[in-house]
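Chain residues, written in single-letter form:
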Amino acid sequence: MTESVFSKIIKREIPAEIVYEDEDFIAFLDINPINIGHTLLVPKKFSTDLFEMNTNDLEKVGLLLKILGESIKKSMGAKGLNIAMNNGKVAGQEVPHAHFHLVPRFENDGYKLWSGKPYKKDEMKEVANKIRGEI
Ligand code: AMP
């Protein structure tokens, strides 16, 4: 079985502040939070990223993100919440075990997610055509 630091948390080999657990998922506080209450939701069955997650976990994760997100938002008194997932090193993934970030947001908390850059002429249509062609 492939191991990660999150597998160790699942097996209670290293400590974590676990806030939720069921047979398929575990959620615990991020050790280096963007904001207080920043939580990671992790499928227990090992997969490197979203594209390796099994159908059962993929079906379940949407509802869990809603329930957990609502609880984090309420308990932290947050005004909003970002849900993010980094898939692949180039996307900023540091821990190679699929996980979703839930980050509570507060007025003027200083966290900037990303900045956009405009398409060149005709590029937007070409890009959309490429994606449509793969679906
Ligand atoms: P990512 O860059 O999407 O792979 O995010 C990995 C996250 O895991 C980072 O935000 C880390 O702070 C967090 N992290 C790493 N080790 C631990 C740990 N032992 N307990 C809690 N969070 C961790």
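Residues numbered from 1 in each chain as written. Predicted model: local features only at pLDDT ≥ 70, side-chain atom pairs only at ≥ 80, totals over all residues. Heavy atoms only, no water.

Caption draft 1: Summary view of unusual backbone geometry. The phi dihedral of Arg12 is positive, around 60 degrees, even though this residue is not glycine. Along the chain, Arg12 falls in the loop between helix H1 (5-10) and strand E1 (18-21). Look at Arg12 and you get partly exposed, because its relative accessible area is 48%. One non-glycine residue with positive phi stands out, namely Asn108, at about 50 degrees. Here Asn108 shows up in the loop between strand E5 (100-105) and helix H3 (123-134). (Helix = DSSP H or I, 4+ residues; strand = E, 2+ residues; numbered from the N terminus. Buried < 20%, exposed > 50% of the residue type's maximum accessible area, 1.4 Å probe, protein only.)

Caption draft 2: Focus on the site of the ligand. Lining the immediate surroundings of the ligand are 16 residues, of which Asp30, Glu94, Val95, His99 and His101 lie closest. In this structure, an oxygen atom belonging to the ligand sits 2.8 Å away from a side-chain N or O atom of Asn86. In the complex, 85% of the free accessible area of the ligand, which totals 500 Å², lies under the protein chains. Every element with two or more residues in the shell around the ligand is listed here: H1 and strand E2 (25-29). For the shell around the ligand, the element with the most residues is H1, which contributes three residues. Grouping the amino acids of the shell around the ligand by side-chain chemistry returns eight nonpolar, six polar and two charged. (Near = heavy atom within 4 Å. Polar contact = N/O pair within 3.5 Å; in protein donor to acceptor, adjacent residues only side chain to side chain. Areas by Shrake-Rupley, 256 points an atom, 1.4 Å probe, with all protein chains shown as cover. Nonpolar A, V, L, I, M, F, W, Y, C, P; charged D, E, K, R; others polar.)

Caption draft 3: View of the pattern of salt bridges. In the structure shown here, the tally under the stated rule is 10 salt bridges. The residue Glu21 makes a salt bridge to Arg12 at a minimum N-O spacing of 2.6 Å. You can call Glu21 partly exposed: its relative accessible area is 33%. One salt bridge in this structure joins Asp24 and Lys60, with 3.0 Å as the shortest N-O distance. Of the two residues, Asp24 sits in the loop between E1 and E2 while Lys60 sits in helix H2 (residues 55-76), which places them 36 residues apart along the sequence. Asp24 sits in the buried class, given a relative accessible area of 9%. Accessibility expressed as a relative area gives 24% for Lys60, which makes it partly exposed. Overlapping salt bridges bring together Asp22, Asp24, Lys45 and Lys60 as one network. (Salt bridge = Lys/Arg side-chain N within 4 Å of Asp/Glu carboxyl O.)

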